[in-house]
Amino acid sequence: RMKTVQSLSPASENSGIITPMRFVAVSATIPNAEDIAEWLSDGERPAICLKMDERHRPVKLRKVVLGFPCRSNQTEFKFDLTL
């Protein structure tokens, strides 16, 4: 929607040039950041995609998986409902 609004916005009164809109998209979980950067680009100027790994985090990320035992008379679906 914002790309459409940008294309319909009037040109600057002084120069007659449309000021480009800037997007900043941040996510900690997006695996396809390059695809989103391509979608955000306007065709004239490619979007810049910066991917940061865990070395740039100020606090070390801890990954924990908690398991819960399922009773023998319970299906996985019923077990999920009880959580």
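Named according to an unreviewed UniProt entry, the chain is HFM1, ATP-dependent DNA helicase-like protein originating from Mustela putorius furo.

Novice: Could you give me a rundown of the overall build of the chain, with the residues and numbers involved?
Specialist: Scanning the chain from N- to C-terminus turns up three helices and zero strands. Its helices and strands taken in sequence order, the chain reads α-α-α from the N to the C terminus. Looking at the chain residue by residue over its 83 residues, the buried ones come to 7%. Across the chain, every contact between residues at least 6 apart in sequence was considered, and the portion connecting residues at least 24 apart equals 12%.

Novice: Break down the side chain of Ser-41 for me, with residues and values.
Specialist: Considering the arrangement of structural elements, one finds Ser-41 in the loop between helix H2 (33-40) and helix H3 (76-82). Judged by its relative accessible area of 17%, Ser-41 falls in the buried class.

Novice: So what's going on with the pattern of salt bridges? Which residues, and what values?
Specialist: Here the structure, examined in full by the defined rule, presents one salt bridge. In this structure, Glu-34 engages Lys-51 in a salt bridge whose closest nitrogen and oxygen atoms are separated by 3.3 Å. Of this pair, Glu-34 sits in helix H2 while Lys-51 is found in the loop between H2 and H3, placing the two residues 17 residues apart along the sequence. Overall, Glu-34 belongs to the partly exposed group, its relative accessible area being 42%. Here Lys-51 falls in the exposed class, since its relative accessible area comes to 54%.

Novice: How would you sum up a nonpolar patch on the surface? Please name residues and give values.
Specialist: On the surface, a nonpolar cluster with roughly 330 Å² of combined accessible area is contributed by Met-2, Val-5, Met-21 and Phe-23. The topology assignment puts Met-21 in the loop between helix H1 (2-8) and H2.

Novice: Explain the confidence of the model for the chain residue by residue, including any values.
Specialist: Mean pLDDT for the chain: 76, with 82% of residues reaching 70 or above. Averaged over each element, pLDDT in the chain is lowest for H1 (70) and highest for H2 (86).

Novice: Could you give me a rundown of the environment of Met-21, with the residues and numbers involved?
Specialist: Using a relative accessible area of 30% as the deciding quantity, one classes Met-21 as partly exposed. With 16 residues separating them in the primary sequence, Met-21 and Val-5 have C-alpha atoms 9.6 Å apart.

Here is what the cut-offs are and how they apply
- Residues numbered from 1 in each chain as written.
- Predicted model: local features only at pLDDT ≥ 70, side-chain atom pairs only at ≥ 80, totals over all residues.
- Heavy atoms only, no water.
- Helix = DSSP H or I, 4+ residues; strand = E, 2+ residues; numbered from the N terminus.
- Buried < 20%, exposed > 50% of the residue type's maximum accessible area, 1.4 Å probe, protein only.
- Contact = heavy atoms within 4.5 Å.
- Salt bridge = Lys/Arg side-chain N within 4 Å of Asp/Glu carboxyl O.
- Patch = residues over 30% accessible without salt bridge, like charges linked within 9 Å, V, L, I, M, F, W, Y side chains within 5 Å.
- Areas by Shrake-Rupley, 256 points an atom, 1.4 Å probe, with all protein chains shown as cover.
- pLDDT = per-residue confidence, 0-100.

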